[in-house]
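Working through the structure, step by step
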Amino acid sequence: MTPTTANAGLTRQTYRRLVYGITGVAVLGLFAGIALDRYFIGAVIYLLGAWIGGGITVLAPVVSDATLQDERDYELHNRASGLAIMITMVLGLSGIPALYVLDAGGHVEITGAVSGVVLTLSALFLLYGVCFGIAKRRT
């Protein structure tokens, strides 16, 4: 017994292989560009892969008749996202104040790169809070 659909070419397995394959090639292209001292080419390969993979991720569920994601995928995504945010937040909340205390005591110097990380993490936490609020209001 084999199910037939109007768009039998794009199955769940094909979708995942395509998206993960393009993403993998993009990351490898970036690393190869860095290793070969061809940063621009590596960045172009990465950006093309990110845009193509992202485009497929957004458009494929819209144009395909096949079920490409189900409740298990959404649950895994939610758990993984929550875990990533929690780990980042715990490390950030425990590490950032310690850096500022050590900086004030003259033991370390907070450089521009460290300040950029602090601002990026702060923006990530704020973005998560906004997205969480939006998601909570919609349910």
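Residues numbered from 1 in each chain as written. Predicted model: local features only at pLDDT ≥ 70, side-chain atom pairs only at ≥ 80, totals over all residues. Heavy atoms only, no water.

Summing up its helical and strand segments, the protein has 4 helices and 0 strands in all. Ordered by position in the sequence, the α and β elements of the protein form the string α-α-α-α. For a compact globule of 139 residues, the expected C-alpha radius of gyration is about 14 Å, and the protein comes in at 21 Å, more than 25% above that figure. Taking the principal axes of its C-alpha atoms as reference, the protein extends roughly 70 × 45 × 20 Å. Expressed as a percentage of the 139 residues in the protein, the buried residues total 16%. When contacts within the protein are restricted to residue pairs at least 6 apart in sequence, long-range pairs at least 24 apart make up 63% of them. Carbon and sulfur atoms provide 70% of the accessible area of the protein, an area that totals close to 10700 Å². (Helix = DSSP H or I, 4+ residues; strand = E, 2+ residues; numbered from the N terminus. Rg over C-alpha atoms; globule rule 2.2 N^0.38 Å. Buried < 20%, exposed > 50% of the residue type's maximum accessible area, 1.4 Å probe, protein only. Contact = heavy atoms within 4.5 Å. Areas by Shrake-Rupley, 256 points an atom, 1.4 Å probe, with all protein chains shown as cover.)

Together, Val25, Phe40, Ile41, Val44, Ile45, Leu48 and Ile52 line one region of the surface with nonpolar side chains, adding up to about 660 Å² of accessible area. Looking at which element gives the most residues to the nonpolar patch, the answer is helix H2 (residues 39-63), with 6 residues. Relative to the elements of secondary structure, Leu48 occurs in helix H2. (Patch = residues over 30% accessible without salt bridge, like charges linked within 9 Å, V, L, I, M, F, W, Y side chains within 5 Å. Salt bridge = Lys/Arg side-chain N within 4 Å of Asp/Glu carboxyl O.)

Looking now at the side chain of Asp70. Structurally, Asp70 is set in the loop between H2 and helix H3 (71-104). Looking at Asp70, the relative accessible area reads 15%, which means it is buried. Side-chain polar atoms of Asp70 contact the side chain of Arg12, separated by 3.3 Å. (Polar contact = N/O pair within 3.5 Å; in protein donor to acceptor, adjacent residues only side chain to side chain.)

One pass over the structure, following the stated rule, counts 4 salt bridges. The salt bridge involving Arg16 is made with Asp73; its shortest N-O contact spans 2.4 Å. With Arg16 in helix H1 (residues 12-35) and Asp73 in helix H3, this residue pair connects regions lying 57 residues apart in the sequence. The salt bridge involving Arg72 is made with Asp70; its shortest N-O contact spans 2.8 Å. Judged by relative accessible area, Arg72 falls into the exposed class, the value being 56%.

Along the polypeptide, Tyr100 turns up in helix H3. What makes Tyr100 partly exposed here is its relative accessible area of 40%. Setting aside its immediate chain neighbours within four residues, Tyr100 contacts Ile110 and Val118.

When you line up the elements, Met86 lands in helix H3. Along the backbone, Met86 and Ile56 are 30 residues apart, and their C-alpha atoms lie at a distance of 29 Å.

For H1, with 24 residues, the first-to-last C-alpha span of 34 Å sits near the 34 Å given by 1.5 Å per residue. Within H1 the residues assigned to the buried category are Tyr15, Val19, Ile22, Ala26, Gly29 and Gly33. Contact partners of the buried residues in H1: H2. (Expected span 1.5 Å × (residues − 1).)

With that settled, the discussion passes to the side chain of Asp73. Overall, Asp73 belongs to the buried group, its relative accessible area being 14%. Setting aside chain neighbours within four positions, we find Asp73 in contact with Arg12, Arg16 and Leu68.

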